[in-house]
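An overview of the molecular structure
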Amino acid sequence: MRRLKGQPRGRGLFPPPWVSTGYRGAGPVPSALGLHGRSRGGAWSLGFRGLRPAHLTCAARDPWAPDRGSGAPRALQAVLLQIKNMVKLIHTLADHGDDVNCCAFSFSLLATCSLDKTIRLYSLHDFTELPHSPLKFHTYAVHCCCFSPSGHILASCSTDGTTVLWNTENGQMLAVMEQPSGSPVRVCQFSPDSRCLTSGAADGTVVLWNTQSYKLYRCGSVKDGSLVACAFSPNGSFFVTGSSCGDLTVWDDKMRCLHSEKAHDLGITCCDFSSQPVSDGEQGLQFFRLASCGQDCQVKIWIVSFTHILGFELKYKSTLSGHCAPVLACAFSHDGQMLVSGSVDKSVIVYDTNTENILHTLTQHTRYVTTCAFAPNTLLLATGSMDKTVNIWQFDLETLCQARSTEDQLKQFTDDWSEEDVSTWLCAQDLKDLVGIFKMNNIDGKELLNLTKESLADDLKIDGYSYEKEAIENWISKKKRTSPMTNLVLPSAVLTPNRTLKMAINRWLETHQK
């Protein structure tokens, strides 16, 4: 969902009506509806942005905890508890001595690499470290590691300018491949058939290596920035690189540049393809989902297609909000049904790729989340962080399937709320000042859901006069508690949308459109 006008960049989605805001900030925060007020412990902000569970990192308590006294139906709390149990932390690895930069799965192993210059290997059976781990060769930080599709070979790359291939069975080095320019290597990735390996460097060069001969096959470069992300299409016919300048560049298997597009204003940090194609019934073509994330706090979804006859096409599809800080990692599940992202806000968000709704938010890491990866054959998720740990999460398949249908259930619950139920919920959230406003507008559960779909009203009332939203919010943010028009003391800092004026403006625009 796109950021609404007037909402600060990076704030992410606001909690839906049935989740406590939990916000205890130190000053006024612009809200989706422009509703402001004073609550115990500081200022609060309330916004209705649809039935998409979201987590504010500044929340004082778990947003998924049952809200006592909220007036919400017991069945609703049962559904929320069901979602909470969808995923559980089953193991934490804390062997690295510095930031964890990357983690990767094979069918039987988990690999992690770190600023401590090492790569560690763990068995998925019991998460014990293998006897020949850690793997040591790199003289500087190891930025990325990845398995070949068979899992027999592991690649790692480092600031020392090398990409190393390892035998995962015994930990022996198979080859050391030096970046032609000697530049620090930031990312490496195997092709789906294991015949090639890409390595992208800080100077913008990208190399395609032959994994049989360990020799350079092709070399290219981007115009600006460092290469920090890379992903092969599931069919191996092309691959995508992402740069610190924000460009997505598409290359074919001959290293010819097919396309380049500005994707993230402040730079790309990661990209990943869904292994499951999206079919086009009309032409019988295969389209693939590509996810990218960046310093702009966003995760974007793209639809990609490529045939030698019709050529290449990259289409922007949507933007997933939820994080309030730069997003450093993203990854699809093996079945393509989920997408996860990790952020500087220390959280990991799990999305449903079909509905693009947030299924869950994981907040166990204490520092930036730098990497996330799904296992290729099981519902295991690994997340790594600058807190030097890797968390292993397990999804419950049955609960996951139930959670995917939760949105309709939640909508049904809220749809049945009476005006009194809405008032009870407002009181439970310390929003008593709004009860009168909601009752005056006859807002029941059904109307509450309609509010989630409305665009913002840019004109707001505070003292009987109408003001531009940005101007009046700026007035209040300066702790002015008098009316801009009358200079009288305001009895309340509550802002309400002037719906009548908004409707009149819309009608005027409709009749005067060319």
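Summarised in this report is the structure supplied together with it. Numbers given for residues are sequential positions, taken from 1 along each chain in its written order. Restriction of local features to residues with pLDDT of at least 70 applies here, the model being predicted, together with a cutoff of 80 or more for giving and counting side-chain atom pairs; totals for whole chains, interfaces and linings are based on all residues. Side-chain metrics rest on all non-hydrogen atoms present in the structure, leaving aside hydrogens and water.

Quick look at the pattern of salt bridges now. Salt bridge criterion: a side-chain nitrogen from Lys or Arg within 4 Å of a carboxyl oxygen from Asp or Glu. If you walk through the whole model with that rule in mind, you get 6 salt bridges. A salt bridge links Lys317 to Glu356, with the shortest nitrogen-to-oxygen separation between them at 2.8 Å. In this pair, Lys317 sits in strand β24 (residues 311–320) while Glu356 sits in the loop between β27 (348–352) and β28 (358–362), placing the two residues 39 residues apart along the sequence. Classification of Lys317 as partly exposed rests on a relative accessible area of 40%. A run of DSSP states H or I qualifies as a helix once it reaches four residues; a run of E qualifies as a strand once it reaches two. Both are numbered from the N-terminal end. Type-normalised accessible area, obtained with a 1.4 Å probe on protein chains alone, sets the label of each residue: buried when under 20%, exposed when over 50%, and partly exposed for intermediate values.

Strand order in the open sheet formed by 4 strands is β12-β13-β14-β15, with antiparallel pairing between adjacent strands. Both outer strands of the open sheet, β12 (185–190) and β15 (215–221), are each paired with one neighbouring strand and no more. Going from strand to strand, the sheet's axes swing by 20° on average, the running direction of each strand aside. Strands are treated as partners if at least two bridges between them are detected by DSSP. As defined by bridge partners, β12 adjoins strand β13 (residues 196–201) across 5 bridges and the pair is classed as antiparallel. Bridge pairing in β13 places Val187 opposite Gly200. Between the N-to-C directions of two axes lies an angle of 0 to 180 degrees, each axis being a line fitted to C-alpha atoms and, for a helix, fitted only over the stretch in contact.

This brings us to the side chain of Thr353. On the secondary structure map, Thr353 appears in the loop between β27 and β28. Under this definition, polar contacts are N or O atom pairs within 3.5 Å; protein pairs additionally need one hydrogen-donor-capable and one acceptor-capable atom, and for neighbouring residues in sequence, both atoms have to be side-chain atoms. Of note is the side chain of Thr353, whose polar atom sits 2.6 Å from the backbone oxygen of Gly336.

Take the environment of Ser385 next. Secondary-structure assignment places Ser385 in strand β30 (residues 380–385). Spatially, the C-alpha atoms of Ser385 and Gly342 are 8.9 Å apart, while their sequence positions differ by 43 residues. Every residue in contact with Ser385, bar those within four places of it in the chain, is listed here: Asp99, Val100, His365, Arg367, Tyr368, Val369 and Thr370. Residues are treated as being in contact if the distance between any of their heavy atoms lies within 4.5 Å.

Taken together, the buried positions of helix α7 (residues 469–477) are occupied by Lys469, Ile472, Glu473 and Ile476. Down the axis of α7, the buried set is contained in an arc of 100°. They therefore lie on one face. Looking one or two residues past α7, Lys479 carries a phi angle of roughly 60°, positive in sign. This arc corresponds to the set of directions leading from the helix axis out to the C-beta atoms.

Within a pair of aromatic rings, the relevant descriptors are the distance that separates the centres and the angle that separates the planes. Here a Phe, Tyr or Trp ring, Trp counted by its six-membered ring, pairs with any other such ring whose centre lies within 6.5 Å, and the pair is stacked when the planes are under 30 degrees apart, edge-to-face when over 60, and tilted otherwise. According to the stated counting rule, one finds 5 aromatic pairs in the structure shown. Seen from their ring centres, Phe232 and Phe239 are 5.1 Å apart, and the 45° between their planes marks the pair as tilted. With a relative accessible area of 12%, Phe232 lands in the buried category. Here Phe238 and Phe273 contribute two aromatic rings whose centre-to-centre distance is 5.7 Å and whose plane-to-plane angle is 75°, an arrangement assigned as edge-to-face. With Phe238 in strand β17 (residues 238–243) and Phe273 in strand β20 (residues 268–273), the pair connects residues that are 35 residues apart, well separated along the chain. Across the pair, exposure class does not vary: Phe238 and Phe273 are buried alike. A connected cluster of aromatic rings, assembled from ring pairs, spans Phe232, Phe239 and Trp251. When the ring centre of Tyr217 is taken as reference, the NZ or CZ atom of Arg218 above it lies at 5.0 Å. Cation placement over rings: the criterion is NZ of Lys or CZ of Arg within 6 Å of the ring centroid and within 35° of the ring normal.

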